[in-house]
Amino acid sequence: MIDIDDSVLKDIKNGFNLPPKPELLCQLQDTLTEPEPNLHQIAELISTDIATSAAVLKVINSSSYGMARTITDIRQAVMFLGLESITTLVTGFLIKQAFDQRTCCIKLERFWDTATEIADVATLIGKKIKSKVPIENLHMLGLFHDAGIPAMAMKYDNYLDVLTTANQQSTVNLAAHEATYYPTNHAVIGYYLASSWNLPKVICQLVLRHHDIDYFNEHHPSDEKLCMATLKMAENLVYTNKRFVVDPDWLNVKTAVLKVLDLEEDDYQDIKDDAQEYFIE
């Protein structure tokens, strides 16, 4: 694990206007810490927020979740998916609402569309691989891994230019590009945001390390490596389907990713085909 120096976190807190954890998420997390969380109470809590409830039901009934029946209310959703998955979906919706377009120099709708696509494709990969990895972790990681980007865009007026330039360079990832302009990068800011929202520590660490190509050369628990490998593959598949070039990190990590996911090249090609169908639908 990487531990970020407290002074760095203090600088981030003082210099960045990061969105506070919403009250609904605070209440939900508090309820989940009880010895025996009450499913009905949790469903009622979520149902009090109409926008969140609608968004959760929309995701659950999408093709990426592949439910055998249509889920029509939050109580059904909690019973079918369980507390962890519901919490993940609620958290994902709330993070999208947390940033204000008026103070952000990038188009947030486009940004969150891409994050959702990565979360969906990561979920798709998770269902295809032989090793079982918690789908809710993949979805949360897919949505949250780049959450530092809108925070950077709120802090720095020239961030759109930096982001555009980075997107035009196929060999250098965004975090490395940011390092030439700023004292921090979106992975560090995303880590701080995820930590302040009390997301699982595993998710926070993966957010922090998601551009670190040395990660796969280190020893980590197998489920964590599975999540990271799935994320990197999902990032690349979304990148290639939307920009028609490989993600800057992919050539450095492809061999390690396929090994972690126990996939042959043919398996990978099959998943690529499935991802292409996702974008056609």
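All of the points below concern the structure found in this document. All residue numbers refer to position in the chain's written sequence, counted from 1. Reporting in this predicted model follows two pLDDT cut-offs: at least 70 for local features of residues, and 80 or more for side-chain atom pairs to be given and counted; totals over whole chains, interfaces and linings ignore these cut-offs and use all residues. Side-chain metrics rest on all non-hydrogen atoms present in the structure, leaving aside hydrogens and water.

1. Concerning the overall build of the protein
By definition, any uninterrupted DSSP run of H or I lasting at least four residues is a helix, any uninterrupted run of E lasting at least two residues is a strand, and each is numbered from the N terminus. Across its full length, the protein holds 16 helices and zero strands. Across its three principal axes, the protein shows a C-alpha extent of roughly 50 × 50 × 35 Å. Looking at the protein as a whole, 50% of its 281 residues are labelled buried. For the protein, long-range pairs separated by at least 24 residues make up 67% of all intrachain contacts whose partners lie at least 6 apart in sequence. Accessibility throughout is a Shrake-Rupley quantity obtained with a 1.4 Å probe, and a residue counts as covered only by protein chains that appear here. Here the protein has roughly 13900 Å² of accessible surface; of this, 50% comes from carbon and sulfur atoms. As used throughout, the charge tally considers Lys and Arg to be positive and Asp and Glu to be negative, leaving His and the chain termini uncounted. Throughout, a charge is located at the NZ atom of Lys, the CZ atom of Arg, the CG atom of Asp or the CD atom of Glu. Computing the positive centroid from 24 side-chain charges and the negative centroid from 40, the protein places the two 2 Å apart. For every residue, the accessible area (1.4 Å probe, protein chains only) is compared with the maximum for its type, and the residue is labelled buried under 20%, exposed over 50%, or partly exposed between those bounds. Only heavy atoms matter for contacts: two residues are in contact if any of them lie within 4.5 Å across the pair.

2. A few points about a negative patch on the surface
Only residues whose relative accessible area exceeds 30% and that take part in no salt bridge are eligible for patches, with like-charged residues grouped when within 9 Å of each other and nonpolar side chains (Val, Leu, Ile, Met, Phe, Trp, Tyr) grouped when within 5 Å. Any Lys or Arg side-chain nitrogen located within 4 Å of an Asp or Glu carboxyl oxygen qualifies as a salt bridge. A contiguous patch of negative charge on the surface is contributed by Asp 262, Glu 264, Asp 266, Asp 270, Asp 273 and Glu 277. Relative to the helices and strands, Glu 277 resides in helix H16 (residues 265–280). Residue classification places Glu 277 among the partly exposed residues on the basis of a relative accessible area of 47%.

3. Quick word on the packing of aromatic side chains
Put simply, two rings from Phe, Tyr or Trp (the six-membered ring, in Trp's case) pair if the centres are within 6.5 Å, and we call them stacked under 30 degrees between planes, edge-to-face over 60, tilted for the rest. Enumeration according to the criterion identifies ten aromatic pairs in this entry. Aromatic side chains Phe 111 and Trp 112 sit 4.8 Å apart centroid to centroid with 75 degrees between the ring planes, which places their arrangement in the edge-to-face category. For the pair shown, Phe 111 and Trp 112 are each scored as buried. Where Tyr 159 meets Tyr 182, the ring centres are 6.1 Å apart and the plane angle is 35 degrees; that geometry is what we call tilted. Residue Tyr 159 is located in helix H10 (residues 159–168), and its partner Tyr 182 is located in the loop between helix H11 (174–178) and helix H12 (186–196); the two are separated by 23 residues in the primary sequence. Accessibility assignment for this pair places Tyr 159 and Tyr 182 in one class, buried. Our definition puts a charge over a ring when NZ of Lys or CZ of Arg is within 6 Å of the ring centre and also within 35 degrees of the ring normal. Between the NZ or CZ atom of Lys 155 and the centre of the ring of Phe 16, over which it lies, the distance is 5.7 Å.

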